[in-house]
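Below are the chains, spelled out letter by letter.
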Amino acid sequence: MRILLASDHGGFELKKQIAQHLAGRGIEAVDLGVNDGASVDYPDMAKLAVDAWRGGGFDFGILVCGTGIGISIAANKQRGVRCALPFTPFMAEMARVHNDANFLAFGGRVDYPVPVTDLVDGFLAARPEGGRHAARVQKISALEAT
Ligand code: RB5
């Protein structure tokens, strides 16, 4: 498995934690930055990440900003991206089971009820259920033409 990571300045510390966790699990992570608190714009990081993801070779992308909100919105403006913003283990699991999400977003300034790495693990352990959920995901894709 190969995962792409990117953040703005509000998310770089949490991104680092996620990267260390993935490395500990033997999962390859490619970190596109940023790696310090110097201000950058989260839409730029979302574009950088999605451009890299479109180049192929990645199973998922994980994006982090201060809240996760801005970077997930920016990611979801780009065709083919289904970026989820899970806050609980249930949401992380369903992001894959029902929504077949290909990106996750988190907030480095958010107090989560569980470690974010648990949310990542729950997402990765889940599988898309297909069936009616796949049909709904297809309808999401169709909305990109509107
Ligand atoms: C940056 O200050 C902050 O706005 C950004 O990290 C994010 O929280 C936006 O949604």
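This section reports on the structure supplied with the text. Owing to the predicted nature of the structure, the values given are computational and were not obtained by experimental measurement.

Attention now moves to the pairing of strand β1 (residues 2-7). Across the six residues of β1, five count as buried, placing the element largely inside the fold. When β1 meets strand β2 (residues 28-31), the two strands line up parallel, connected through four bridges. Residue Leu-4 lies in a different strand from β2, and its bridge partner there is Val-30. Crossover β1 to β2 through helix α1 (residues 12-24) is right-handed. Here β1 runs beside strand β3 (residues 60-65); their pairing, made up of five bridges, is parallel.

A separate point is the packing of aromatic side chains. Each aromatic ring pair is characterised by the separation of its centres together with the angle its planes make. Under the counting rule described, the total for this entry stands at four aromatic pairs. One Lys or Arg, Arg-2, reaches over the ring of Phe-58 and ends 4.5 Å from the middle of that ring.

This paragraph deals with the site of the ligand. All residues adjacent to the ligand are Asp-8, His-9, Tyr-42, Cys-65, Gly-66, Thr-67, Gly-70 and Arg-109. One of the side-chain N or O atoms of Asp-8 is found 2.6 Å from an oxygen atom in the ligand. Here an oxygen atom of the ligand sits 3.4 Å away from a polar atom, N or O, in the side chain of Arg-109. For the ligand, whose accessible area on its own is 290 Å², the fraction buried by protein is 71%. Residue composition of the shell around the ligand, by class: two nonpolar, four polar and two charged.

A word on empty space enclosed by the protein. Taken as a whole and judged by the stated rule, the model has one cavity of 30 Å³ or more. Approximately 30 Å³ is the volume found for the largest cavity. Lining the largest cavity, in full, are Phe-60, Gly-61, Ile-62, Asn-102, Phe-103, Leu-104, Val-120, Phe-123 and Leu-124. Those elements that provide at least two residues to the lining of the largest cavity are β3, β5 (103-107) and α5 (116-125). Considering only residue class, the lining of the largest cavity consists of seven nonpolar, two polar and no charged.

This part covers the nonpolar core. Grouped together as the largest cluster of nonpolar side chains are 21 residues, with contacts concentrated most on Ile-18, Leu-22, Ile-62 and Phe-106. Elements supplying a minimum of two residues to this core: β1, α1, β3, α4 (89-97), β5 and α5. Broken down by element, this core gets its largest block of residues, five residues, from α5. If we skip the residues at most four places from it in the chain, Ile-62 touches Ile-3, Leu-4, Leu-5, Ala-6, Ile-18, Leu-22, Phe-103, Leu-104, Phe-106 and Val-120.

Attention now moves to the packing of helix α2 (residues 42-54) against helix α3 (residues 69-76). The geometry of α2 relative to α3 is characterised by a closest axis approach of 8 Å and an angle of 45 degrees between their N-to-C directions. Looking at the two axes, α2 sits oblique to α3. The handedness of the crossing between α2 and α3 comes out as right-handed. In this structure, α2 contributes Tyr-42, Pro-43, Met-45 and Ala-46 to the contact, and α3 contributes Gly-70, Ile-71, Ala-74 and Ala-75. When grouped by side-chain class, the residues that make up the contact of α2 with α3 number seven nonpolar, one polar and no charged.

What counts and how
- Residues numbered from 1 in each chain as written.
- Predicted model: local features only at pLDDT ≥ 70, side-chain atom pairs only at ≥ 80, totals over all residues.
- Heavy atoms only, no water.
- Buried < 20%, exposed > 50% of the residue type's maximum accessible area, 1.4 Å probe, protein only.
- Helix = DSSP H or I, 4+ residues; strand = E, 2+ residues; numbered from the N terminus.
- Pairing = 2+ DSSP bridges.
- Right-handed = clockwise from strand over helix to strand, strands pointing away.
- Phe/Tyr/Trp six-rings, centres within 6.5 Å; stacked < 30°, edge-to-face > 60°.
- Lys NZ or Arg CZ within 6 Å of the ring centre and 35° of its normal.
- Near = heavy atom within 4 Å.
- Polar contact = N/O pair within 3.5 Å; in protein donor to acceptor, adjacent residues only side chain to side chain.
- Areas by Shrake-Rupley, 256 points an atom, 1.4 Å probe, with all protein chains shown as cover.
- Nonpolar A, V, L, I, M, F, W, Y, C, P; charged D, E, K, R; others polar.
- 1 Å grid on protein atoms, 1.4 Å probe; cavity = no way out; pocket = protein on both sides within 12 Å on 5 of 7 lines; lining within 4 Å.
- Points joined across faces, edges and corners; volume = space filled by probe spheres on them.
- Core = buried A, V, L, I, M, F, W, Y, C linked by side-chain atoms within 4.5 Å.
- Contact = heavy atoms within 4.5 Å.
- Axes fitted to C-alpha atoms, helices over the stretch in contact; angles between N-to-C directions.
- Parallel < 35°, antiparallel > 145°, perpendicular 65-115°, else oblique.
- Left-handed = near helix turned anticlockwise from the far one by under 90°.

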